[in-house]
Amino acid sequence: MSPHPDDESIATGELIQQVRQSGGQVRILLLTNGDNNPWPQRWMERRLRIGADERRRWGERRRGEVAQALARLGVEPDAFEALGWPDMGITDRLCSQLAPSLAALTKALDAIQPNLLALPALGDHHPDHGAAHVLTRLAVASWEGAAPQMLAYLVHGREGEVTGRVKLDSSVGLHANKMAALGCHLSQMALSGKRMRRLADRPERYRLVKTDDREASPSVLPWQPPSALHPWLHLLMADGSGVHSWPWAKAPLARDGQGRYVLHARADGARGPAFAKLHMNLPSPWIFDRWGWCEL
Ligand SMILES: [Zn+2]
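Residues numbered from 1 in each chain as written. Predicted model: local features only at pLDDT ≥ 70, side-chain atom pairs only at ≥ 80, totals over all residues. Heavy atoms only, no water.

The protein has the name PIG-L family deacetylase in an unreviewed UniProt entry, where Dyella solisilvae is given as its organism.

### With respect to the domain arrangement of the protein
Selection rule: For the purposes of this description, domain bounds are those given by an automatic or database domain assignment. Here, two residues are considered to be in contact whenever any of their heavy atoms come within 4.5 Å of each other. Once two parts are joined, some of their accessible surface, as seen by a 1.4 Å probe, is lost; buried area is that loss totalled over both. Basic side-chain nitrogens of Lys or Arg form a salt bridge, by our definition, when they fall within 4 Å of a carboxyl oxygen of Asp or Glu. In protein, a polar contact means a hydrogen-donor-capable atom and an acceptor-capable atom, both N or O and within 3.5 Å, with residues adjacent in sequence counting only if both atoms are side-chain atoms; elsewhere, any N or O pair within 3.5 Å suffices. Each helix is a run of H or I in the DSSP string that is no shorter than four residues. Each strand is a run of E no shorter than two, and both are numbered from the N terminus.
Along its sequence, the protein is carved into domain 1 (7-208) and domain 2 (219-295). On a C-alpha basis, the centres of domain 1 and domain 2 stand 26 Å from each other. Taken together, the contact between domain 1 and domain 2 spans 18 residues of the former and 15 residues of the latter. Between domain 1 and domain 2, roughly 1,400 Å² of surface is buried when both sides are summed, and carbon and sulfur atoms account for 75% of that area. When residues of domain 1 are sorted by the area they lose upon contact with domain 2, L122, R137 and L138 head the list and together hold 32% of the total. Between domain 1 and domain 2 we count one salt bridge in total. A salt bridge links E295 to R137, with the shortest nitrogen-to-oxygen separation between them at 2.9 Å. Across the domain 1-domain 2 interface, the total number found is two residue pairs in polar contact (both at pLDDT 80 or more). Mapped onto the side of domain 1 that touches domain 2, the elements with two or more residues apiece are α4 (90-96) and α6 (127-142). For the side of domain 1 that touches domain 2, the leading source of residues is α6, giving eight residues.

### Brief notes about the packing of aromatic side chains
Each pair of aromatic rings is reported with the distance of its centres and the angle of its planes. Applicable threshold: Only Phe, Tyr and Trp rings are paired, with Trp represented by its six-membered ring, and only when their centres lie within 6.5 Å; those with planes under 30 degrees apart are stacked, over 60 edge-to-face, the remainder tilted. Three exposure classes are used, based on accessible area relative to the maximum for each residue type with a 1.4 Å probe and protein chains only: buried under 20%, partly exposed in between, and exposed over 50%. By definition, being over a ring means that NZ of Lys or CZ of Arg is both within 6 Å of the ring centre and within 35 degrees of the ring normal.
Taken as a whole and assessed by the stated rule, the structure comprises one aromatic pair. Both rings, one in W248 and one in Y261, keep their centres 4.9 Å apart while their planes meet at 80°; by these two values the pair is edge-to-face. Placement of W248 in the loop between β9 (242-247) and β10 (253-255) and of Y261 in strand β11 (residues 261-263) is noted, with a sequence separation of 13 residues between them. Comparing W248 with Y261 shows no difference in burial state: the two are buried. Across from the ring centre of Y261, 4.2 Å away, lies the NZ or CZ of R255, which sits over that ring.

Written as structure tokens, this is what we have:
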């Protein structure tokens, strides 16, 4: 599962080749076409104004780049499906269209029947990646099929924060081919080739997602936001029953004996995964999450 064109190569380029070489099948679910990408588009197309038509065209171009990258990794062109969700809009989609989003994902799970699912890490700093993790986990929890083993990968963020204990054995050949697949994403390599190569050059490491089904209980949050920021903070909680959002001052929070914030929000007896996100409602040119998501 790839939130944007290029994540499949950066995060799983070697995993994909290993699955293919060992006789497995690979399917790619692409959530967005990566069409909200104005600066590379301005640069490559030498135009300032990017309207809806230009965005759509750019998304088609990037989808074509995924197909080329996958061919390089040994995956057939019909093995990827694009959902066309809004680029930089997966968190909004999670909040406003949870049921249809989960339906789209469970439909894909029905069609693919995966026994291994690679998904973005919850702690990835890109908001689309964290929200994609939450939606995927909720979809898998509600799916009636056999739950796949899940490996979470990090693209944006410090490696030590969220990468896990599963490290893929690699080879010079696999790595070189992965970097060649990355090179198919010409629209991204033009302005950010160095950064893209640095991200893809890291060994592929994954965190095995644990899915123990326990009853909901109040959860200690990992954040201690400074009180000067409280008026602008919002807390979001998502589980199988829906999404709830509160301004920080109105969130059902208490302090424990160590001064940590504890969230009392889930219904008694609720089961399944649940997640919270702390964010600030101020316009900012900085797209990455400052606090992001945690699992409750
Ligand atoms: Zn991405």
